[in-house]
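What follows is the residue order along each chain.
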Amino acid sequence: MTTEQELTAVVIGAVTEIAPDVDPHAIDPDADLADQLDIDSMDFLNIVVAIHDRTGIEIPERDYPKLGTLNDAISYLATAQRQGAGA
Amino acid sequence: MSEFLMPSLGADMEAGTLLEWYVKPGATVKRGDIVALVDTSKAEIEIEIFENGVIDELLVPEGARVPVGTALAIVRAPEPAAVGANPATVEAPTESRPSEPEATLAAALAGAAAAGAAPPLSAPVTRAAPPPPHRSRGDHRGHASPVARRAASNLGVDLAAVVGTGPDGAIRKADVERAAVASRPAVAAPIEAPPVVPAQTAPVQTPRATTAGDRQALMREAIGALMARSKREIPHYYLQLEIDFSKSLDWLHADNLQRSVEERLLPSALLLSAVARAAVEMPEMNGFWLDGAFRPATGVHLGVAISLRGGGLIAPALHDADRKSLEEIMRGVRDLVQRARAGRLRSSEMSDPTITVTNLGDRGVDLVHGVIYPPQVALVGFGAVRERAWAADGMLGVRPTVIATLAADHRAGDGHAGSRFLTLIERNLQEPEEL
């Protein structure tokens with residue numbers, strides 16, 4: 001089980017890998033990531049892949065809209081992880 | 001013996017800075033090997049060699065900026081032992097490698113790009129000066145992160161002079177930035193440096209590259225020059241077609257359910273494939289306007305417009321896109337995007353595009369009125385895939401649609417052909433399983 005703090009680090013790590021110019025401290029956790037960081041669909045897919053590589057969580061395509069903001073993404077992953085562990 | 005020339009990496013390039021040699025005299029090279037890193041004003045490009053042989057002499061030192069067509073190195077024929085009795089066995093055709101006619105075409109493009117610039121083949125200064133001793137940058141490569149190396153290049157910092165604070169003394173980006181601040185010269189390095197710094201001058205002083213700000217300015221200048229040329233020379237005509245994208249999307253979503261995360265497809269893969277396959281059927285859209293005539297290309301190499309973070313645009317080639325599966329297109333585009341942003345595109349990707357596709361749908365606009373990349377004759381644009389009112393079979397419904405646009409060169413053809421081209425793209429998107 002990964003803590004919420006670690007999940008935050010995973011998401012920020014995945015984002016800054018795609019967008020190295022982004023200052024992690026400048027990310028507004030409640031603003032849309034794509035708008036805020038100028039991320040396109042290819043970047044987003046790469047972020048999903050990076051999150052999968054680091055956590056093993058496979059995010060289905062239909063759930064992409066649930067990862068709009070940093071906070072959304074973290075709570076989505078925390079839930080997915082709990083459900084994965086409980087199953 | 002033959003000369004290896006500074007290639008033209010796009011019609012907008014007049015000169016390039018040789019940042020780094022990957023080979024030394026005596027090295028055996030084969031067609032397609034990456035031998036050097038060159039900084040155009042738009043990006044750092046890995047330069048491939050187009051023949052087999054042995055590097056005899058490097059003529060241009062690292063850090064020198066020279067016009068397109070300048071001899072960079074002398075290449076001699078391969079050592080006899082390395083050549084089989086049948087030359088055909090040596091030059092085994094590789095699938096994705098540009099063919100000879102395309103290499104010739106690239107050379108023609110080099111000529112076209114250099115027209116009006118310095119005469120391409122005259123570089124006496126370069127030839128006369130012996131290359132300065134190479135810095136032992138290779139010794140440090142393993143100890144500096146790629147990010148640090150890029151920062152060093154951007155800031156004009158010599159890695160040999162940087163003290164690393166990372167694990168095992170590895171040089172990190174912060175170290176480079178510190179060094180840059182510490183050694184910031186009073187005057188910014190001139191961008192148009194003389195081609196060669198005399199050998200007695202310490203090569204460390206050679207202005208290696210440009211700062212990020214310079215890069216921005218240079219990229220704007222390069223894009224501006226190319227687009228101005230396009231608008232000045234090419235009589236564009238424009239067409240648009242709204243395409244029902246529901247079949248493609250349904251197919252894509254169902255197909256992605258079967259795929260692992262890494263192998264999922266994006267709608268753009270279908271759009272690119274649909275254009276590539278339409279281009280095969282309409283060769284008059286796929287090629288170049290050169291010397292007053294249209295020259296069809298021998299393959300479909302889609303220029304994929306990629307916006308760079310922080311601004312700027314580059315449209316490298318996805319080679320043989322018409323023969324690639326959707327998986328291969330996805331892999332190819334992902335690779336291009338990553339390397340375009342990391343500044344590691346290859347020379348053939350810069351010189352080969354035969355028709356360009358720009359997809360601004362992710363940014364939310366409905367359609368694109370494109371500007372053609374000379375000497376290409378067509379550019380296909382896609383806007384956002386959006387749910388829109390759609391009338392079909394006498395009923396009004398809501399479907400995801402995408403507006404495809406075509407900007408095409410009226411010298412090479414007419415709207416009749418262009419409109420057929422767009423309808424072929426539409427047809428292809430109604431048969432996603434065939435893409």
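Residues numbered from 1 in each chain as written. Chains lettered and ligands numbered in written order. Predicted model: local features only at pLDDT ≥ 70, side-chain atom pairs only at ≥ 80, totals over all residues.

Just to check I follow, could you spell out helix α7 (residues 212-233) of chain B for this structure?
Quick reminder: α-helices carry 3.6 residues per turn. Residues three or four places apart thus point the same way. All names here are of chain B. With 22 residues, α7 should reach 32 Å at 1.5 Å per residue; the first-to-last C-alpha distance of 31 Å fits that figure. Turning to α7, its buried residues are Arg-215, Met-219, Ala-222 and Ser-230. Projected down its long axis, α7 shows its buried positions confined to an angular sector of 70°, all on one face. What points out from α7, more than 90 degrees from its buried face, is the exposed set Gly-213, Gly-224, Ala-228 and Arg-232. (Helix = DSSP H or I, 4+ residues; strand = E, 2+ residues; numbered from the N terminus. Expected span 1.5 Å × (residues − 1). Buried ≥ 20, exposed ≤ 12 C-beta atoms within 10 Å, placed from the backbone. Arc of directions from axis to C-beta.)

When you look at unusual backbone geometry in this model, what are you seeing that I'm missing?
Residues and elements named next belong to chain B. With an omega of 5°, the peptide bond between Pro-374 and Pro-375 qualifies as cis. Mapped onto the secondary structure, Pro-375 falls in the loop between β17 (355-359) and β18 (378-382). If you check the backbone angles, Asp-320 has positive phi at about 50° while not being a glycine. Residue placement: Asp-320 occurs in the loop between β15 (317-318) and α10 (326-342). Residue classification places Asp-320 among the partly exposed positions, given that 19 C-beta atoms sit within 10 Å.

How should I be thinking about the interface of chain A and chain B in this particular structure?
For an interface, size is often stated in terms of accessible area lost upon the parts coming together. Contacts between chain A and chain B engage 13 residues on the former and 14 residues on the latter. Among the residues forming the side of chain A that touches chain B, the class breakdown is six nonpolar, two polar and five charged. (Contact = placed C-beta atoms within 7 Å. Nonpolar A, V, L, I, M, F, W, Y, C, P; charged D, E, K, R; others polar.)

I'm lost on the pairing of strand β2 (residues 15-21) of chain B in this one. Help?
Residues and elements named next belong to chain B. Counting buried positions over the seven residues of β2 gives six, a clear majority of the element. Sheet topology places β2 next to strand β4 (residues 34-39); four bridges connect them, and they run antiparallel. Bridge pairing in β4 links Thr-17 to Asp-39. (Pairing = 2+ DSSP bridges.)

Would you mind showing me how to read the nonpolar core here?
Grouped burial of nonpolar side chains is what soluble globular proteins tend to show. All names here are of chain B. Counting 104 residues, the largest nonpolar core has Leu-272, Val-275, Leu-302, Val-304, Leu-318, Val-333 and Ala-378 as the members making the most contacts within it. Here the element with the most residues in this core is helix α9 (residues 267-281); it accounts for nine residues. Excluding anything up to four places from it in sequence, Ala-378 contacts Met-285, Ile-355, Ile-372, Leu-406, Ala-407, Ala-408 and Asp-409. (Core = buried A, V, L, I, M, F, W, Y, C linked by C-beta atoms within 7 Å.)

I would appreciate a short explanation of the pairing of β18 of chain B in the present structure.
Put simply, side chains in a regular strand alternate between the two faces of the sheet. Residues and elements named next belong to chain B. In terms of burial, β18 is largely enclosed, as five of its five residues are buried. Neither face of β18 is open: one carries Ala-378, Val-380 and Phe-382, the other Leu-379 and Gly-381, and all of them are buried. Both β18 and strand β20 (residues 395-409) contribute to a ladder of five bridges, which runs antiparallel. Of the residues in β20, the one forming a bridge with Ala-378 is Ala-408.

What exactly am I supposed to notice about the sheet that holds β2 of chain B here?
Remark on secondary structure: sheet strands pair via backbone hydrogen bonds, oriented parallel or antiparallel. All names here are of chain B. The strand order across the open sheet formed by five strands is β7-β2-β4-β5-β16, and the pairing between neighbours is mixed. Bordering the open sheet on either side are β7 (65-67) and β16 (345-346), each of which pairs with just one other strand. Here strand β5 (residues 44-48) pairs with β16 via two bridges, running parallel. Considered in β16, the bridge of Ile-45 is made with Leu-345.

Even after reading the chapter, I still don't get the packing of α9 of chain B against α10 of chain B, so can you show me in this structure?
Between two packed helices, both the angle of their axes relative to each other and the distance between the axes serve to describe the pair. All names here are of chain B. One can describe the packing of α9 onto α10 by two numbers: an axis separation of 9 Å at closest approach and a directional angle of 110°. Taken together, α9 and α10 sit at an angle that is classed as roughly perpendicular. Two secondary-structure elements touch here, α9 through Ala-269, Leu-270, Leu-272 and Ser-273 and α10 through Leu-326, Ile-329, Met-330 and Val-333. Residues of the contact of α9 with α10, tallied by class, amount to seven nonpolar, one polar and no charged. (Axes fitted to C-alpha atoms, helices over the stretch in contact; angles between N-to-C directions. Parallel < 35°, antiparallel > 145°, perpendicular 65-115°, else oblique.)

What's the story with the packing of helix α1 (residues 4-18) of chain A against helix α3 (residues 41-55) of chain A in this structure? I'm lost.
Residue and element names in this part refer to chain A. With their axes 9 Å apart at the nearest point, α1 and α3 run at an angle of 135° to one another. One way to sum up the angle between α1 and α3 is to call them oblique. Where α1 crosses over α3, the handedness of that crossing is right-handed. Facing Val-10, Val-11, Ala-14, Val-15, Glu-17 and Ile-18 of α1, the residues of α3 in contact are Asp-43, Asn-46, Ile-47, Ala-50, Ile-51, Arg-54 and Thr-55. Taken together, the residues of the contact of α1 with α3 break down into eight nonpolar, two polar and three charged. (Left-handed = near helix turned anticlockwise from the far one by under 90°.)

Hey, could you run me through the sheet that holds strand β8 (residues 71-76) of chain B in this one?
Residues and elements named next belong to chain B. Ordered by their spatial adjacency, four strands build an open sheet running β1-β8-β6-β3, and the pairing between neighbours is antiparallel. Only two strands of the sheet have a single partner each, and these edge strands are β1 (2-5) and β3 (28-29). Strand direction decides the pairing type here: β1 and β8, joined by four bridges, are antiparallel. Following the sheet pairing, Leu-5 is matched in β8 by Ala-71.

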